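Close look at the chain arrangement
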Amino acid sequence: MQNQPRLSAGDQILNWLTTGVGRLLASIFVPLVTFLVLWRGFIFLRDSNAPQFIIVVVAIVWGVGGVALLYGVSNWLVEKLSGEWVRRLQPFIFIGPAIAILFWYLFLPTIRTLILSFQDGLGRNFVGIENYIFAFTDRVMLEAFRNNLLWMVLGTGFSVGLGLLIAVLADRTPFEKVYKAIIFMPMAISFVGAGVIWKFVYAYRGEGVGIQEIGLLNAIVIGLGGKAQPWLLLPPINNLFLIVIMVWLQTGYAMVILSSAIKGIPSELLEAARVDGANEFQVFFQIMVPTIQSTLLTVTTTIVIFSLKLFDIVRVMTGGNYGTNVIANEFYLQQFTYNHSGRASAIAIVLLIAVIPVMIYNLRQFRKRRAF
Amino acid sequence: MFFNNLLSGKEIRFRDASGNEITRKGNNLGGAFLNSIAVAVPSTIIPILIAAFAAYGFAWLNFPGRKLLFTLVVALLVVPLQIALVPILRDYTQLNLNGTYLAMWLAHTGFGLPLAVYLLFNYIGSLPRDILESAFIDGASHFTIFTRLILPLSIPALASFAIFQFLWVWNDYLVALVFLGDQNRVVTSALAAMVGEKGQDWHLLTSGAFVSMILPLTVFFALQRYFVRGLMAGSVKG
């Protein structure tokens, strides 16, 4: 643009903007305008009484556009510098925001939570390991640990086991896609939504004249000649009823991943085994399972971590009462019901410690891959 | 009209089995639905944008601390988000951000970012290097290459993560409960509140649950292929 012989008025302005004082002014002006526009947007969203629909649209445009704008403007600023500086600074335009957010939202909080876990309920004084003594010895916590263990072992076991079974069986039917879509569908539903569905299944209306049971499970039990039960109020068996919900939600995940791993097994391998006289069980346990071992491990770890942090189902179904408390729910109760941030933090740290082996495994795998 | 009032938060009247007239206040699910959209759409796009930039930076740019910082990303993949809730809540209280959409976007961005960066890095890092070099020789800046070349090429990976993140955010209850509270309620919180208030009104609860499921189920069935692909690549998330 600078070497063009004839300049229109617009080009002249642009030209002036790209040299000397103009350039400096523009470098100040553009970020300032950007900032003002974003600030106005923020104020509008905070104070506006416009119809909700309009606010939602403005919010989406403001949020997404704002982030794009910030990238554009900061890159524009950096590219105004000399080549050497562009080379040095540009990487930080690219990774800077991500790193900043990771620091603010995950890295620093880990350290801050660790510090809080040694302080009292209001975070004022240090109390040593008192919160950890609570976390590991209190009756409530022991019950939560026991339940989480149940969730981890039974929940994960059934999810992976059923997922594997369905993956193998669906592979042999002509309607594979339909079956898989149905099993997989609950993954799209929120745990709260799933909670409503299963509350209906377990519903119990009590005894009395003219009261009719409407729950599915009670209908089955009564149909078989049994007596209606308040399923969710019966410790310790009610934990199992809650775990069924998790299995319902997670089997689809296990199935999809394992199914693609099974499809990846070379068919010659399976044929060879069958020709050699192996029956289907032997093919399954001695060929398929060992071949997809690493996928099985990944799926199992993912679901174990999931069951460790499980919160929504218990919160919605029982609120952690009747002997169904879990660690993540106790975390929530300590922080938001009892306002004891020290104990809540200690519980969060316990959760973190529980996943550290997985973290180390991930890091090892990453180093092995030599992506850098 | 009955359904409509449940959605809008007006009063609902109905007759129960024994003929008594019962009045309930609606839970404004329609408003919650809009809130969920306002939370979920930016919470999906913003982390993708930030992660795509970062993935490009990690894959194609050289800078000090590159390896260390990426190791940090991998380490943070499985960190349970409970660990961040208390400190972030304190920050938000000081910044007066509680109950705002912005607070939710940033929180979901933070919690989704490690997985997003990791997935997109795997994808963008595996794009052939020649594309990049020829564009660079033609005088394109990194920014241009990224926006004009890499982003369009990465659409399959971006779509996979987008569906994953959208369903995750839409169905999230804990983060909404902590940072939104009763302000700007999203569908999951509204539904959970209904479970508490209208535990015996099954006809209301089930319609509420259905409203909360329509959108994720549609997205899920329309884009299942991408979703599965995202799951495969993602393995472990915190």
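The name given to chain A in an unreviewed UniProt entry is ABC transporter, and the organism recorded there is Bellilinea caldifistulae. You can read under Sequence similarities (unreviewed entry) in the UniProt record for chain A the words "Belongs to the binding-protein-dependent transport system permease family." Heading Subcellular location (unreviewed entry) of the UniProt record for chain A holds this comment: "Cell membrane".

**Re the domain arrangement of chain A**
Parsing chain A into structural domains produces domain 1 (9–80) and domain 2 (141–340). Using C-alpha coordinates to define each centre, domain 1 of chain A is positioned 49 Å away from domain 2 of chain A.

**Observations concerning helix α3 (residues 66–76) of chain B**
All names here are of chain B. Burial in α3 covers these residues: Phe70, Val73 and Leu76. Angular distribution of buried residues about the axis of α3 spans 120°; they occupy a single face of the element. Summarising the geometry of α3, the exposed residues directed more than 90 degrees from the buried face are Lys67 and Leu68.

**Concerning the interface of chain A and chain B**
Facing 73 residues of chain A, the contacting portion of chain B comprises 71 residues. Those elements giving two or more residues to the side of chain A that touches chain B turn out to be α3 (52–79), α4 (83–116), α8 (191–202), α10 (237–263), α13 (293–308), α14 (312–317), α15 (327–337) and α16 (341–369) of chain A. It is α4(A) that contributes the most residues to the side of chain A that touches chain B, 19 residues altogether. The residue inventory of the side of chain A that touches chain B, partitioned by class, reads 51 nonpolar, 17 polar and five charged.

**Topic: the UniProt feature "transmembrane region" (unreviewed entry) in chain A**
Residues and elements named next belong to chain A. Taking the numbering used here, the UniProt-annotated feature "transmembrane region" (unreviewed entry) corresponds to residues 20–41, 53–77, 89–108, 149–170, 182–202, 240–262, 283–308 and 344–363. Note that residues 182–202 is 71% helix and 0% strand, and that its end C-alpha atoms are spaced 22 Å apart. Between the end C-alpha atoms of residues 344–363 there is a gap of 28 Å, over a span that is 100% helix and 0% strand.

Rules of the game
- Residues numbered from 1 in each chain as written.
- Chains lettered and ligands numbered in written order.
- Predicted model: local features only at pLDDT ≥ 70, side-chain atom pairs only at ≥ 80, totals over all residues.
- UniProt positions renumbered as here; feature names shortened; annotations may be inferred.
- Domains from an automatic or database assignment.
- Buried ≥ 20, exposed ≤ 12 C-beta atoms within 10 Å, placed from the backbone.
- Helix = DSSP H or I, 4+ residues; strand = E, 2+ residues; numbered from the N terminus.
- Arc of directions from axis to C-beta.
- Contact = placed C-beta atoms within 7 Å.
- Nonpolar A, V, L, I, M, F, W, Y, C, P; charged D, E, K, R; others polar.

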